[in-house]
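Chains, contacts and geometry: an overview
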Amino acid sequence: MITKLSYCITDSTEPYENIALEEYLLTHVEPGQCILYLWQNRNTVVIGRNQNAWGECRVRELEEAGGFLARRLSGGGAVYHDMGNLNFTFLVRQEDYDVDRQLSVIQEAVRAFGLDAQKTGRNDVTVDGRKFSGNAFYKTGPFCYHHGTLLVNVDTAQMSRYLQVSKAKLASKGVASVRSRVVNLSELAPEITVQSLTDSLLKSLAQVYGLPARELSMPEQSVLQPRRDFFASWAWRLGAKIPFAEQIQNRYPWGDLSLSYTVQNGCLTDVHLFSDGMEADFLATLPQALTGCPYDGKALESLSVPTENALQETILRDCIQLLKSQIE
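Rules and cut-offs
- Residue positions are given per chain, counting from 1 as you read along its sequence in written order.
- At least 70 in pLDDT is required for a residue's local features to be given in this predicted model, at least 80 for side-chain atom pairs to be given and counted, and no such filter applies to totals for whole chains, interfaces and linings, which use all residues.
- The basis for the side-chain values is all heavy atoms of the structure; hydrogens and waters are excluded.
- Note on exposure labels: buried denotes an accessible area under 20% of the residue type's maximum, exposed denotes more than 50%, and partly exposed covers the range between, all computed with a 1.4 Å probe on protein chains only.
- A helix here means a DSSP run of H or I that spans at least four residues, while a strand means a run of E at least two residues long, and both kinds are numbered starting from the N terminus.
- A pair of strands is labelled paired if DSSP reports no fewer than 2 bridges between them.
- pLDDT measures the predictor's confidence residue by residue and takes values from 0 up to 100.
- Should any heavy atoms of two residues lie within 4.5 Å, those residues are counted as being in contact.
- In protein, a polar contact requires one atom able to donate a hydrogen and another able to accept it; more generally it is a pair of N or O atoms within 3.5 Å, and residues adjacent in sequence count only if both atoms are side-chain atoms.
- Salt bridges are defined by distance alone: a side-chain nitrogen of Lys or Arg within 4 Å of a carboxyl oxygen of Asp or Glu.

**Observations concerning the pairing of strand β3 (residues 44-47)**
Burial of the side chains of β3 extends over both faces: T44 and V46 are buried on one face and V45 and I47 on the other. As defined by bridge partners, β3 adjoins strand β5 (residues 79-81) across 3 bridges and the pair is classed as antiparallel. Across the sheet, residue V45 finds its bridge partner in β5, namely Y80.

Structure, rendered in structure tokens:
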């Protein structure tokens, strides 16, 4: 039960600092506490935990323009941030994690401007069928967060310039381009600005939870610096761009799946998996589980991988079937 409501608004616009602060808040949220963290990144592409940076973003073009490529802890797809975008994160303990309630804070904040926001698909929030918010989720131990974007006045030309969205993903949404799929809130209600939306979010937070919200003090920069450096590291953000003997991919209702691997002595080796699926931790375990497995349909079918829910079982089955399709 939520008995303490807090918020944190940072002035930093560097993604690595902001992701480090998000992680800090996550691991310091108290029992019965809900924290709303509001933040902005300048000229940034943020990719999901298991995505291939080179396949999702025009990395060289972004960095030559002084932009940032960042990788977050949660799953989901790539998003573009600039100063016309406001990011939110709800941080709670597992027993108080309620995505519908958290999303209602967003919906009520937008409704204050006369807009009816709806949750659609697996992680989008839309007005009249056009997306203004994409959401993603993360859990570690007893700690959970739910975060997302709020497009206020984003430069959609720059968004299209830097994001490389697969044709299969766009087709699954019934649109021809990433620009045609999204909408800025300011297009729908000109009075919406980042500041007015921030104010509305804080009001709706208190309204939805029925508690006063108090501002948190910021941790010292020295506390965040080690993790900021980790999130900024080349190894975390990009890793090695390695050629593989085999590369296969497909689009499923739960997300994109791309597998790269080699086969040595009849067994899978050097397995890499890229996905915008929401089950980030589970997806991250699959390459190790597949490594060493005989490249054989029956062996793949009998592969034992622990799952915690029906979605993980579906992902595992689809992964195995995709590999089998290359054998049969």
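**Quick notes on the confidence of the model for the protein**
On average, residues of the protein score 92 in pLDDT, and 93% of them are at 70 or above. Below pLDDT 50 for its whole length, residues 167-177 participates in 16 contacts with residues either more than four positions away or in separate chains.

**A few points about the environment of S196**
Position of S196 among the secondary structure elements: in helix α9 (residues 194-209). Counting along the chain gives 71 residues from S196 to C267, while the straight-line C-alpha distance between them is 57 Å. A polar atom in the side chain of S196 sits 3.3 Å from the backbone oxygen of E191.

**Remarks on unusual backbone geometry**
Of note in this structure, N265 is not a glycine but carries a positive phi near 55°. Note on placement: N265 falls in the loop between β13 (255-264) and β14 (267-275). For N265, a relative accessible area of 83% corresponds to the exposed category.

**Quick word on the environment of R181**
With respect to the helices, strands and loops of the structure, R181 is situated in helix α7 (residues 178-181). Using a relative accessible area of 15% as the deciding quantity, one classes R181 as buried. Between the C-alpha atoms of R181 and G129, which are 52 residues apart in sequence, the distance is 8.6 Å.

**With respect to the pattern of salt bridges**
Enumeration according to the criterion identifies 13 salt bridges in this entry. Across the pair E108 and R111 runs a salt bridge, and its minimum N-O distance is 2.5 Å. Here E108 pairs with R111, and both are found in helix α4 (residues 99-111), just 3 residues apart, close to one helical turn. The exposure class assigned to E108 is partly exposed, which follows from its relative accessible area of 27%. Between E301 and K324 there is a salt bridge; the shortest N-O distance is 2.8 Å. Linking E301 in helix α13 (residues 297-301) with K324 in helix α14 (residues 310-327), this pair joins segments that are 23 residues apart in sequence. Overall, K324 belongs to the buried group, its relative accessible area being 11%. Among the ionic contacts, a cluster of salt bridges with common partners joins E14, R228 and D229.

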